[in-house]
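# Structure assessment
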Amino acid sequence: MPGRRGRLRVADRVYARIAARAVQEVLTEAWPAGRAKGAPPHVSVTVPGSTVTVRVAVELPFPSDVAALAGAVRKRIAERVVGLTGTRVSEVIVVVEKLVTGGAS
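Okay, so let's go over this structure. The residue count restarts for each chain, going from 1 along the sequence in the order it is written. Side-chain atom pairs in this predicted model are given and counted only at pLDDT of 80 or more, local residue features only at pLDDT of at least 70, and totals for whole chains, interfaces and linings cover all residues. To get the side-chain values, take all heavy atoms of the structure and skip hydrogens and water.

### What about the overall build of the chain?
The criterion, for reference: In this text, helices come from DSSP runs of H or I with a minimum length of four residues, and strands from runs of E with a minimum of two, each type numbered from the N-terminal end. Exposure classes here rest on a 1.4 Å probe applied to the protein chains alone. A residue is buried below 20% of its type maximum, exposed above 50%, and partly exposed in between. In this tally, Asp and Glu contribute negative charge and Lys and Arg positive charge; neither His nor the terminal groups of the chain are included. Where a charge lies is defined by one atom per residue type, namely NZ (Lys), CZ (Arg), CG (Asp) and CD (Glu).
Helix and strand counts for the chain come out as two helices and three strands. Walking the chain from its N terminus toward its C terminus, one meets helices and strands in the order α-β-β-α-β. Across the 105 residues of the chain, 35% fall into the buried class. Taken as two groups, the 16 positive and 8 negative side-chain charges of the chain have centres that lie 8 Å from each other.

### Some remarks on a nonpolar patch on the surface
Rules: Note that patches include only residues with greater than 30% relative accessible area and no salt bridge, and the join distances are 9 Å for like charges and 5 Å for nonpolar side chains (Val, Leu, Ile, Met, Phe, Trp, Tyr). Reported accessibility uses the Shrake-Rupley method at a 1.4 Å probe radius. Residues are deemed covered only where the shown protein chains occlude them. What counts as a salt bridge is simple: a side-chain nitrogen of Lys or Arg found within 4 Å of a carboxyl oxygen of Asp or Glu.
A cluster of nonpolar residues, Phe62, Val96 and Leu99, forms a patch on the protein surface that exposes about 240 Å² of accessible area. Within the secondary structure layout, valine 96 lies in strand 3 (residues 88-101). Among the residues examined, valine 96 registers a relative accessible area of 32% and is labelled partly exposed.

### Regarding the sheet that holds strand 1 (residues 42-46)
Convention followed: When DSSP finds two or more bridges between a pair of strands, those strands are recorded as paired. To obtain an axis, a line is fitted to C-alpha atoms, over the contacting stretch when the element is a helix, and the angle between two such axes runs from 0 to 180 degrees between their N-to-C directions. In this analysis, two residues are considered to be in contact whenever any of their non-hydrogen atoms come within 4.5 Å of each other.
Reading across the sheet, the three strands line up as 1-2-3 and stay open at both edges, with mixed pairing between neighbours. Every interior strand has two partners, whereas the edge strands, strand 1 and strand 3, have only one. In this sheet, neighbouring strand axes are inclined to one another by 15° on average, regardless of whether the strands run parallel or antiparallel. Running over the sheet, helix 1 (residues 12-30) touches strand 1 and strand 2 (51-62) and is turned about 30° from strand 2.

### Focus: the pattern of salt bridges
Applying the stated criterion across every chain yields a total of five salt bridges. When the shortest N-O distance is used, the salt bridge between glutamate 25 and arginine 80 registers 2.8 Å. Taken as a pair, glutamate 25 in helix 1 and arginine 80 in helix 2 (residues 66-85) lie far apart in primary sequence, 55 residues in all. Classification of glutamate 25 as buried rests on a relative accessible area of 19%. Residue arginine 76 is joined to glutamate 29 by a salt bridge in which the shortest nitrogen-to-oxygen separation is 3.2 Å. Remark: glutamate 29 occurs in helix 1 and arginine 76 occurs in helix 2; sequence separation between them is 47 residues. Taken together, the shared-partner salt bridges connect Arg21, Glu25, Glu29, Arg76 and Arg80 into one network.

### Structural notes on unusual backbone geometry
At the junction of phenylalanine 62 and proline 63, the peptide bond is cis and its omega measures out at 0° in the coordinates. Topologically, proline 63 is positioned in the loop between strand 2 and helix 2.

### What about the environment of valine 14?
Mapped onto the elements of the fold, valine 14 is located in helix 1. Judged by its relative accessible area of 35%, valine 14 falls in the partly exposed class. Each C-alpha atom of the pair valine 14 and leucine 99 lies 27 Å from the other, and the pair is 85 residues apart in sequence.

This is the structure in structure tokens:
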């Protein structure tokens, strides 16, 4: 039928991979010499309707501005998800699981 469009469904794991990559980008920038330490981020997503909610658990460098880094992670995830999928991000929850020594002084 002319004018009729289908639907695109993005798998939850795709959102999770996009979010994990966004976190890695921010953390690589935060660590001296661009070498992120600590465990990789743990990402979970829920897709209630036409939006996505992302929860990410991270290990951040110490010393660092934890609030600013968490904000940068939140912003980068939202930008990447919207930019790559067109899906609105309703919430990004950042949980700091651990502070790892070796951050910028």
